Amino acid sequence: MKITQDEVRYVADLANLRLTDEEIVRMTHDLDEILTHMEKLNELDTSQVEPMAQVLYEAEETATLRQDQEKPTLSNRDALGCAPLGGGGYFKVPLVIER
Amino acid sequence: MSIDAAGLTISAVRRGLQEKRFSACELAKEALRFAERENPKTNAYLHFCPERALEAARRVDEALARGEHPGPLGGVPVAVKDVIVARGVRNTCGSRLLANYIPPYDATAVIRLEQAGGVILGKTNCDEFAMGSSTENSAFGPVRNPAALDRVPGGSSGGSAAVVAQGTAVVSLGSDTGGSIRQPAAFCGVVGVTPTYGRVSRYGLVAFASSLDHIGPFARNVSDAAGLLKVIAGRDEMDSTSAFAPVPDYHAAMSGEVRGLKIGLPKEYYAGLASETGDQIMKAVEVLNRLGCQVVDISLPHTEYAISAYYIICTAEASSNLARYDGVRYTIRSSCSETLTDMYRSTRGEGFGAECKRRIMLGTYVLSHGYYDAYYLKAQKVRSLITRDFQQAFQQVDAIVTPVSPFPAFKLGEKLSDPLEMYLSDIYTITGDLAGIPCMSLPCGTTANGLPIGMQILTKHFDEAGMFRLAHAYEQAAG
């Protein structure tokens, strides 16, 4: 076993994802199978290999920086337009800190 | 006026407008009517945007009336995958979570497409957040393959491939992270192009795995695919990962000579093929040979590690990118939202489908404390090795030719219960994404019962021109 149901519950909490008990069972089975397949990578000695985080091509290091100039951006109204709950120019969320 | 909307190409639209056989508005209306009538057969479109389409068509007609050039896509009916946003047009990403999301801005690809005269008819169905290989993970029902309605169209851009195959759009935009353009193109029998990483701005593409995501075109022939790519390609200051490399005239490059080009066949891609797929690919290679290409055997030795590396990297990035769907900003919040944590967990638990949950979980796991080095870092190192394989191969050859998928379109439901098996079906497409090189799927015949088969062409970074030249030569020769 690569992963247990308790570990799956722990990871679901990290991911802020509520899973039902049935989903936990299925998820444990699926992740176990997938992680077992991924073991294959351990066949390779990568101690001398640099990790590749991004596809790189030749350009100046600062090439993607832009001038620091003011530009129009999304209006507050547009940005809030798809929120499930908003008001007064803000997103509204449940109580975070109790008095 | 009679318009055969199903059979049009970009050049046929241009001719029709020039010869005044139809106006752009007439064409848009007919294309919409035809698409809305045909769509129930495949469920390829999720929604149409007739007002926007007619507005775009009107601009084309006005330009023509003024004697101006209407743009390289003037009047062409286009479909856009529902992960690429258009201001004011519902954008679901195939997810319940975004069922009512109306984006407040346009993707750069959408802006460029419309500036070139393109007429967006609607948004196409896809696997939820582009995660899947069959379009069965859409919250709004699967897409059926126009070539065989009991089979999947491939995925995740299944809708964008199907509309082009079905004739309900002339060309379309899809997105590709691990094969999501090429595999559905192969399954539906159309051309699908994944350009070099960074070639097309991703501004306005809903992020799945940012180091792998691409936007690219679908078309019924190579010329149309090249024409659409030319329009959307090039540096965009709204996407810092978009490349500065100049965009060549792909049409001019396309007609060049292919005699003497060296084509590599990587042996790792030719074991374990369904026999009809293998036969058709070898027939296509024979055509290239007759055109004067020199075919050589090569090896890409780390191919067998690609699936593992890919599914670690893409899920890690996805788990981070999908953190934003938290019940605060995007339309849906669970009714079980007593506390902030309740709101996050319930909204996400109720909103995401099974495959998204699986990938968020896998990605969170491989990034979590104690596993980062063993999985994520390891996968990034293997990604280097896979990229190096290609670099070494391209010192020997000008292009690489492989199958797109080990088998043709499978039946709806056939692989749905086994996620690992579904992942394994991406074996031939994910390597190109990991290396960030241009690659495309080109139709090369069918099975005995008429299922399309696709051939993949891969070239060096930014050598889309070479890829199109070879593809065009094959297309002309194969007829």
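These numbers were taken from a predicted model, which means no experiment stands behind them. Within each chain, residues carry numbers counting from 1 in the order of the written sequence. By the order in which they are written, chains take letters starting at A while ligands take numbers starting at 1. Per-residue local features are limited, in this predicted model, to residues with pLDDT of at least 70; the limit for side-chain atom pairs, both in listing and counting, is 80 or more; totals at the level of whole chains, interfaces and linings are taken over all residues.

Trainee: Is there a simple way to explain the overall build of chain B in this structure?
Mentor: In DSSP terms, a helix is any run of H or I states spanning at least four residues, a strand is any run of E spanning at least two, and both are numbered starting from the N terminus. When its secondary structure is counted, chain B shows 16 helices and 11 strands. For a compact globule of 479 residues, the expected C-alpha radius of gyration is about 23 Å, and chain B comes in at 21 Å, within 12% of that figure. Based on the C-alpha atoms only, the size of chain B along its principal axes is roughly 65 × 55 × 45 Å. Partly exposed residues are those whose C-beta has more than 12 but fewer than 20 other C-beta atoms within 10 Å; 20 or more makes a residue buried and 12 or fewer makes it exposed, with C-beta atoms placed from the backbone. Looking at the 479 residues of chain B, the share that counts as buried comes to 61%. Values of the radius of gyration come from C-alpha atoms, whereas the globule rule sets the reference at 2.2 Å times the count of residues to the power 0.38.

Trainee: What am I meant to see in the pairing of strand β7 (residues 262-266) of chain B here?
Mentor: Consecutive side chains along a regular strand alternate between the two faces of the sheet. Residue and element names in this part refer to chain B. Only when DSSP finds a minimum of two bridges between them are two strands counted as paired. Two elements, β7 and strand β8 (residues 294-298), share 5 bridges in a ladder whose sense is parallel. Each bridged residue has a counterpart across the sheet, and for K262 the counterpart in β8 is Q294. Whether a crossover is right-handed comes down to one check: with the strands pointing away from the viewer, does the path from the first strand over the helix to the second run clockwise; if it does, it is right-handed. The handedness of the β7 to β8 crossover, carried by helix α9 (residues 275-290), is right-handed. The pairing of β7 with strand β9 (residues 399-403) spans 2 bridges and is parallel. Bridging from a neighbouring strand, I263 pairs with A399 of β9.

Trainee: Can you help me understand the nonpolar core in this one?
Mentor: Nonpolar side chains tend toward joint burial in soluble globular proteins. Residue and element names in this part refer to chain B. Put simply, a nonpolar core is buried Ala, Val, Leu, Ile, Met, Phe, Trp, Tyr and Cys residues tied into one set by C-beta atoms within 7 Å. Ranked by size, the top nonpolar core spans 165 residues in total, and within it V78 and I457 carry the most contacts. With 10 residues, the single largest contributor to this core is helix α10 (residues 306-321). Once residues lying within four places of it in the same chain are set aside, the contact partners of I457 are A399, V401, C439, M440, L442, M467, L470 and A471. Our contact criterion uses C-beta atoms placed from the backbone: two residues qualify when those atoms are within 7 Å.

Trainee: Help me out: how do you make sense of unusual backbone geometry in this one?
Mentor: Across the chain, the bulk of peptide bonds are trans and the bulk of non-glycine residues have phi less than zero. Here the residue pair B:G155 and B:S156 is connected by a cis peptide bond, since its omega of 10 degrees sits within 30 degrees of zero. Mapped onto the elements of the fold, B:S156 is located in the loop between β3 (119-124) and α5 (158-166). For A:N16, which is not glycine, the phi dihedral falls at a positive 50 degrees. One can find A:N16 in the loop between α1 (5-14) and α2 (21-38). By C-beta crowding, A:N16 is classed as buried, having 21 other C-beta atoms within 10 Å. Not every positive phi belongs to a glycine, and B:F462 is a case in point at roughly 65 degrees. Residue position: B:F462 is located in the loop between β11 (452-458) and α16 (464-478).

Trainee: Any chance you could explain the sheet that holds β7(B) here in plain terms?
Mentor: Within a sheet, each strand pairs with its neighbour through backbone hydrogen bonds, oriented either parallel or antiparallel. Residue and element names in this part refer to chain B. Spatially, the 11 strands line up as an open sheet ordered β1-β3-β2-β4-β6-β5-β10-β11-β9-β7-β8, and their pairing is mixed. Because the sheet does not close on itself, it has two edges, and the strands there are β1 (45-48) and β8. Here the average twist between neighbouring strands, direction ignored, is 30 degrees. Bridge analysis of β9 against β11 gives 4 bridges, and the strand direction is antiparallel. The partner of T402 across the bridge, within β11, is Q456. Axis definition: a line fitted to C-alpha atoms, limited for helices to the stretch in contact. Angles are taken between N-to-C directions and run from 0 to 180 degrees. Of the strands in this sheet, β9, β10 (439-446) and β11 touch α16, which is tilted by about 10 degrees from β10.

Trainee: Is there a simple way to think about the interface of chain B and chain A in this case?
Mentor: With 57 residues of chain B in contact, the opposing surface of chain A contributes 43 residues. At the level of secondary structure, the elements contributing two or more residues to the side of chain B that touches chain A comprise α10, α11 (340-351), α12 (354-367), α13 (372-396) and α14 (419-424) of chain B. Element by element, the count of residues in the side of chain B that touches chain A is highest for α13(B), at 11 residues. Under the scheme applied, nonpolar residues are Ala, Val, Leu, Ile, Met, Phe, Trp, Tyr, Cys and Pro; charged residues are Asp, Glu, Lys and Arg; polar residues are all the others, including Gly. A class-by-class count of the residues in the side of chain B that touches chain A yields 28 nonpolar, 18 polar and 11 charged.

Trainee: Please explain the domain arrangement of chain B as it appears in this structure.
Mentor: Buried accessible area, meaning the area lost when the parts come together, often serves as the stated size of an interface. Residue and element names in this part refer to chain B. Taken as a whole, chain B is organised into domain 1 (5-253), domain 2 (258-303 + 382-478) and domain 3 (307-373). For the domain bounds, the source is a domain assignment made automatically or taken from a database. Computed over C-alpha atoms, the centres of domain 1 and domain 3 are 28 Å apart. Of the residues in the side of domain 1 that touches domain 3, the class split is 10 nonpolar, 8 polar and 3 charged.

Trainee: Hey, could you run me through the packing of α2(A) against α12(B) in this one?
Mentor: Contact geometry for α2(A) and α12(B): axes closest at 11 Å, N-to-C directions at 55 degrees. As the angle between them shows, α2(A) and α12(B) are arranged oblique. Crossing angle aside, the handedness with which α2(A) passes α12(B) is right-handed. Only B:R358, B:M361, B:L362 and B:Y365 of α12(B) make contact with α2(A), whose side of the interface consists of A:M27, A:D30, A:L31 and A:I34. Looking at the contact of α2(A) with α12(B) residue by residue, the classes come out as 6 nonpolar, no polar and 2 charged. What sets the label is the angle itself: under 35 degrees gives roughly parallel, over 145 gives roughly antiparallel, 65 to 115 gives roughly perpendicular, and the rest give oblique. For a crossing to be left-handed, the near helix must be turned anticlockwise from the far one by less than a right angle; the clockwise case is right-handed.

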